[in-house]
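Each chain, letter by letter, is given below.
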Amino acid sequence: MNSLGVFCGSSLGVKSKYKEVAEKFGNLLAREGIRLVYGGGSVGIMGILADAALRAGGEVVGVIPRALWNREVGHRGLTELYVVETMHQRKSLMADLSDGFVALPGGIGTMEEIFEVWTWAQLGIHRKPCGLLEVDGFFAPLLAFINHMVAEGFLRPEHRFMLIAEHDSEVLLEGLRSYCPPAIPKWLDEGLN
């Protein structure tokens, strides 16, 4: 794995643990020689993650829509920066530049981004791993809901486990590296979406 797309909050959240985990994850990516691809911001968990990776000698690629760049939230010290016109272009380019995807704590944008790339994997649009870095129970309600979708017949178990969730960043990274997508395509048979 040469590059990892990371989705995370443009806010810091209420727990200092979110900042700590973002710093550790940025350090880990740099230490492992994995290029960070992220949303290009200088604020919140995004900025913490990027700064940590840069301080540790890692490569950091940002992709930011012009409207956000113009609001002066763009990071000005990255290895590489792409300023695009739309959020759709941002997500598409991040997907092209990344060998896998991880979500750290964040808001609805973070959730939308990880769900979109996970959906693309389910549909066979790409074969890249997707994961959640669980921080202090942040994703527990989401994982419970995802498991509820399985129980209610709206998500196949094979597709559910395409989303790797781990508390330990090194274990998560190893899971992403060893990921093998299921051979079951996503079709509308058997009433499962």
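Our structure's up above, just so we're on the same page.
The sections below set out a description of the structure shown in this document. Everything quoted here is computed from the prediction, not taken from an experiment.

Considerations on the sheet that holds strand S5 (residues 101–103)
Whenever strands of a sheet pair, they do so through backbone hydrogen bonds, lying parallel or antiparallel.
No. 1: Strand order in the open sheet made by the seven strands is S4-S3-S2-S1-S5-S6-S7, with parallel pairing throughout. At either margin of the open sheet sits one strand with a lone partner, and together these are strand S4 (80–84) and strand S7 (163–166). Adjacent strand axes in the sheet meet at a mean angle of 20 degrees, parallel and antiparallel pairs treated alike.
No. 2: Relative to strand S6 (residues 130–133), S5 is paired through three bridges, and the arrangement is parallel. The residue of S6 that forms the bridge with Phe101 is Cys130.

Some thoughts on the pairing of strand S2 (residues 35–38)
No. 1: The pairing of strand S1 (residues 3–7) with S2 spans three bridges and is parallel. The partner of Ser3 across the bridge, within S2, is Arg35.
No. 2: Since S1 and S2 lie parallel, the crossover through helix H1 (residues 16–31) that links them has a hand, and here it is right-handed.
No. 3: Sheet topology note: the S2/strand S3 (residues 60–65) ladder contains three bridges and is parallel. Bridging across to S3, Leu36 finds its partner in Val60.

Rules of the game
Residues numbered from 1 in each chain as written. Predicted model: local features only at pLDDT ≥ 70, side-chain atom pairs only at ≥ 80, totals over all residues. Heavy atoms only, no water. Pairing = 2+ DSSP bridges. Helix = DSSP H or I, 4+ residues; strand = E, 2+ residues; numbered from the N terminus. Axes fitted to C-alpha atoms, helices over the stretch in contact; angles between N-to-C directions. Right-handed = clockwise from strand over helix to strand, strands pointing away.

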